[in-house]
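Spelled out, the chains give:
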Amino acid sequence: MEYRPLLGHLCALSLSPVKKKLLALGVMFLLWAYMLYSCAGYCASAPSPLVDPQRATERTAGARADLASRLVPKRQQGWVDLELDDGDEPALRTPSRDLLNQDADAERAEDWDEQRSPEPSAMSTFSNGSGTKKLPQAIIIGVKKGGTRALLEFLRVHPDVRAVGAEPHFFDRNYDKGLRWYRELMPKTLEGQITMEKTPSYFVTREAPARIYDMSRDTKLIVVVRDPVTRAISDYTQTLSKKPDIPSFESLTFKNRSTGLIDTSWSAVQIGIYAKHLDNWLQFFPMRQILFVSGERLIRDPAGELGRVQDFLGLKRIITDKHFYFNQTKGFPCLKKAEGSSKPHCLGKTKGRTHPNIDPEVVQRLRDFYRPFNMKFYQMTGHNFGWN
């Protein structure tokens, strides 16, 4: 009987509206606290998305070891004294011609102003939402003063071509820096895009074919060739614009002017012996992987020659006549719209220089000298470039 007042009191409490609300809030708070505690325990037991430090170190070490093994050349061969680009002269064998090599650093500085090389990453590849840095699938390997810069600028109009602006010189001067360094120089590409670079000195560097082959035996190679006599004069003209006091073209061409013996140690002459350099490349790459672009036709019919290049690279023919106009002042075609610009674009003031007057007898002697080499080159490539 003594419990009845207590039960009545509890019933009265349970029927109070204010107390009912407080009780409901208390229960909800307890349920919320329990759910929060359960979630925290689950998250703590879930696998971590971070890479285990020890495993990451092992993977990095393994990648470095694999990279080092890939960088060891398969064949040991001697260097040739022909390391040059559109603004570079090789070290010549005669002391009187060393002055022709002094403009190399300045020209390379101008080239690298276009694109500074980034510091290499510890990762073997670098990717994010805007693309991935890859080793090049195609390389313009030559030749100096053949039209390589024009070809590269024209190709960059294509949306599926991404190319390095400056010449990396990886396979001739910077090979000891490794493939990771080389890859970091490349632009990011999306799926279906081609990564390219151009360094004209590769064509005349003996080690370059083996080194590119070791990187990828499937690399496509492009060589822009030009009448070797005109090319030699253009080469000399470039040097003359920087060093007005250099010896005459005639005196550099001949070992002995009276006998008419051509001095093949002069790089301007030696570069044009295309058959000799091509033979070195054919030891590693089949002819089907090498495309020869006519420097003369690139001026006369840029769209036609670019059509061949696009087909060779497996690209849709997007670059056509509508992209070009002929600049009468410079004497070569220019782009109506350059990459990333809505304005017309011509190559810089260093392109299209007026050649000095050369003694016709010297020119004919050079043509006679190159004729057998040209004929062999025509046979090797299966194409008559019409230089004779």
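Procedures and definitions
- Residues numbered from 1 in each chain as written.
- Predicted model: local features only at pLDDT ≥ 70, side-chain atom pairs only at ≥ 80, totals over all residues.
- Heavy atoms only, no water.
- Helix = DSSP H or I, 4+ residues; strand = E, 2+ residues; numbered from the N terminus.
- Pairing = 2+ DSSP bridges.
- Axes fitted to C-alpha atoms, helices over the stretch in contact; angles between N-to-C directions.
- Contact = heavy atoms within 4.5 Å.
- Disulfide = S-S within 2.5 Å.
- Buried < 20%, exposed > 50% of the residue type's maximum accessible area, 1.4 Å probe, protein only.
- Phe/Tyr/Trp six-rings, centres within 6.5 Å; stacked < 30°, edge-to-face > 60°.
- Salt bridge = Lys/Arg side-chain N within 4 Å of Asp/Glu carboxyl O.
- Patch = residues over 30% accessible without salt bridge, like charges linked within 9 Å, V, L, I, M, F, W, Y side chains within 5 Å.
- Areas by Shrake-Rupley, 256 points an atom, 1.4 Å probe, with all protein chains shown as cover.

Caption draft 1: Here's a closer look at unusual backbone geometry. The omega angle of the peptide bond from Gly 142 to Val 143 is -5 degrees, so this bond is cis rather than trans. One can find Val 143 in the loop between strand S3 (138-142) and helix H5 (148-155). A positive phi angle is found at Lys 145, which is not glycine, with a value near 60 degrees. Here Lys 145 is to be found in the loop between S3 and H5.

Caption draft 2: Examining the sheet that holds strand S10 (residues 290-294) more closely. Reading across the sheet, the five strands line up as S4-S6-S3-S7-S10 and stay open at both edges, with parallel pairing between neighbours. The sheet terminates laterally at strand S4 (161-163) and S10, the two strands that pair on one side only. Going from strand to strand, the sheet's axes swing by 25 degrees on average, the running direction of each strand aside. Along the sheet, helix H11 (residues 274-281) contacts S3, strand S7 (220-225) and S10; its crossing angle with S10, the most-contacted strand, is approximately 160 degrees.

Caption draft 3: View of the state of the cysteines. Going through the model one piece at a time under the given rule, you end up with one disulfide. Here Cys 334 pairs with Cys 346 through a disulfide, and the sulfurs are 1.7 Å apart. Negative torsions about the S-S bond denote left-handed disulfides, and the value of about 105 degrees found for Cys 334 with Cys 346 makes this one right-handed. In this pair, Cys 334 sits in strand S12 (residues 332-335) while Cys 346 sits in the loop between S12 and helix H14 (360-381), placing the two residues 12 residues apart along the sequence. Take Cys 334: its relative accessible area is 1%, and that puts it in the buried class. Looking at Cys 346, the relative accessible area reads 19%, which means it is buried.

Caption draft 4: Quick look at the environment of Ile 233. Tracing the sequence through the fold places Ile 233 in helix H8 (residues 228-242). Residue Ile 233 is classed as buried on the basis of its relative accessible area, which comes to 9%. For the pair Ile 233 and Val 363, spaced 130 residues apart in sequence, the C-alpha to C-alpha distance is 9.3 Å.

Caption draft 5: The arrangement of the side chain of Thr 253 in detail. Mapped onto the elements of the fold, Thr 253 is located in helix H9 (residues 249-253). Taking relative accessible area as the criterion, Thr 253 reaches 0% and is therefore assigned buried. Setting aside residues up to four positions removed in sequence, Thr 253 forms contacts with Leu 261, Ile 262, Asp 263, Trp 266, Val 362 and Leu 366.

Caption draft 6: Inspection of the packing of aromatic side chains at higher detail. Across all of its chains, the model carries 24 aromatic pairs by this definition. Between Phe 171 and Tyr 175, the aromatic rings sit 6.3 Å apart at their centres with planes inclined by 35 degrees, giving tilted as the arrangement. Accessibility assignment for this pair places Phe 171 and Tyr 175 in one class, buried. With a centroid separation of 6.2 Å and an interplanar angle of 55 degrees, the aromatic rings of Tyr 213 and Phe 284 are classed as tilted. Placement of Tyr 213 in helix H7 (residues 208-215) and of Phe 284 in the loop between H11 and S10 is noted, with a sequence separation of 71 residues between them. A relative accessible area of 7% places Phe 284 in the buried class. Here the aromatic residues Phe 170, Phe 171, Tyr 175, Trp 181, Tyr 182 and Tyr 202 are joined through ring pairs into a cluster of three or more.

Caption draft 7: Region of interest: the pattern of salt bridges. Tallied over the entire structure, the rule returns 14 salt bridges. Among the ionic contacts, a cluster of salt bridges with common partners joins Arg 297, Asp 301, Glu 305 and Arg 308.

Caption draft 8: Region of interest: a nonpolar patch on the surface. Residues Leu 22, Leu 25 and Met 28 make up a contiguous nonpolar surface patch of about 330 Å² in total accessible area. Note that Leu 25 resides in helix H2 (residues 17-45).

Caption draft 9: Highlighting the pairing of S3. With five of five residues buried, S3 is to be regarded as a mostly interior element. Across three bridges, S3 lies against strand S6 (residues 194-198) in parallel orientation. Bridge pairing in S6 places Ile 140 opposite Lys 198. Strand direction decides the pairing type here: S3 and S7, joined by four bridges, are parallel. Each bridged residue has a counterpart across the sheet, and for Ala 138 the counterpart in S7 is Lys 220.

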